[in-house]
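# Inside the fold
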Amino acid sequence: MVKFALLVRFEAKPGLETDVEAFLKNALPLVQAEPATVAWFGIRLGASTFGIFDAFPDEAGRQAHLSGKVAAALMEKAPELFAQPPIIEQVEILAAKL
């Protein structure tokens, strides 16, 4: 059962929407290597607004993800791709169907 999650939102710099989309698609293999990341979604919320939603069985899994390769790549690329720093929210899952 998943109980812990992250909701990350970010706004692409003008003209870099395709680059942000590619970044999310290219992140999938890195996430697939994380055993505690039960669910991961790269999402588009609007014309230039993107996000990531991921879920974990426990806090240790969430913390492992936050210190993993995807988080490092996100923070490294943030100044280049995003209009402002990503908003990272630690959320609790109340109900899920995976």
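Heads up: these notes are all about the structure in this document. (Residues numbered from 1 in each chain as written. Predicted model: local features only at pLDDT ≥ 70, side-chain atom pairs only at ≥ 80, totals over all residues. Heavy atoms only, no water.)

### A closer look at helix α2 (residues 59-66)
Those residues of α2 that fall on the buried side of the exposure criterion are G61, R62 and H65. Along the axis of α2, the buried positions cluster into a sector of 100 degrees, meaning they face one direction only. On its buried face, α2 sits against β1 (4-11), α1 (17-32), β2 (39-44), β3 (49-56), α3 (69-81) and β4 (87-92). (Buried < 20%, exposed > 50% of the residue type's maximum accessible area, 1.4 Å probe, protein only. Helix = DSSP H or I, 4+ residues; strand = E, 2+ residues; numbered from the N terminus. Arc of directions from axis to C-beta. Contact = heavy atoms within 4.5 Å.)

### What to know about the packing of α1 against α3
Closest axis-to-axis distance for the α1/α3 pair is 10 Å, and the angle between their directions is 165 degrees. Comparing the axis directions of α1 and α3 gives the class roughly antiparallel. Handedness of the crossing formed by α1 with α3: right-handed. Where α1 approaches α3, its residues D19, V20, F23, A27, L30 and V31 are matched on the opposing element by K69, V70, A73, L74, K77 and L81. Partitioned by chemical class, the residues of the contact of α1 with α3 number 9 nonpolar, no polar and 3 charged. (Axes fitted to C-alpha atoms, helices over the stretch in contact; angles between N-to-C directions. Parallel < 35°, antiparallel > 145°, perpendicular 65-115°, else oblique. Left-handed = near helix turned anticlockwise from the far one by under 90°. Nonpolar A, V, L, I, M, F, W, Y, C, P; charged D, E, K, R; others polar.)

### Looking at the side chain of H65
Mapped onto the fold, H65 is located in helix α2. On the basis of relative accessible area, H65 is assigned to the buried category, the value being 5%. Within polar-contact distance, the side chain of H65 engages the side chain of E34 at 2.5 Å. Among the polar contacts listed, one links the side chain of H65 to the side chain of D54, at a separation of 2.7 Å. When near neighbours in sequence (up to four residues on either side) are disregarded, H65 contacts L6, V31, E34, T37, W40, D54, F56, V70 and A71. (Polar contact = N/O pair within 3.5 Å; in protein donor to acceptor, adjacent residues only side chain to side chain.)

### A short note on the pattern of salt bridges
If the charged atoms of two oppositely charged side chains come close together, the side chains can form a pair. A complete count under the given rule lists 5 salt bridges for this structure. Taking the shortest distance from any N to any O, the salt bridge between E59 and R62 comes out at 2.5 Å. With E59 and R62 both in helix α2 and 3 residues apart, this pair spans about one turn of that helix. Using a relative accessible area of 28% as the deciding quantity, one classes E59 as partly exposed. Exposure remark for R62: the relative accessible area of 6% places this residue in the buried category. One salt bridge connects K77 with E80, and the closest N-O pair in it is separated by 3.4 Å. Taken together, the residues K77 and E80, both in helix α3 and 3 residues apart, mark about one turn of the helix. Assessed through its relative accessible area of 30%, K77 is described here as partly exposed. Taking the relative accessible area as the measure of exposure, E80 reaches 44% and is therefore partly exposed. Put simply, E21, K25 and R44 are held in one network by salt bridges that share partners. (Salt bridge = Lys/Arg side-chain N within 4 Å of Asp/Glu carboxyl O.)

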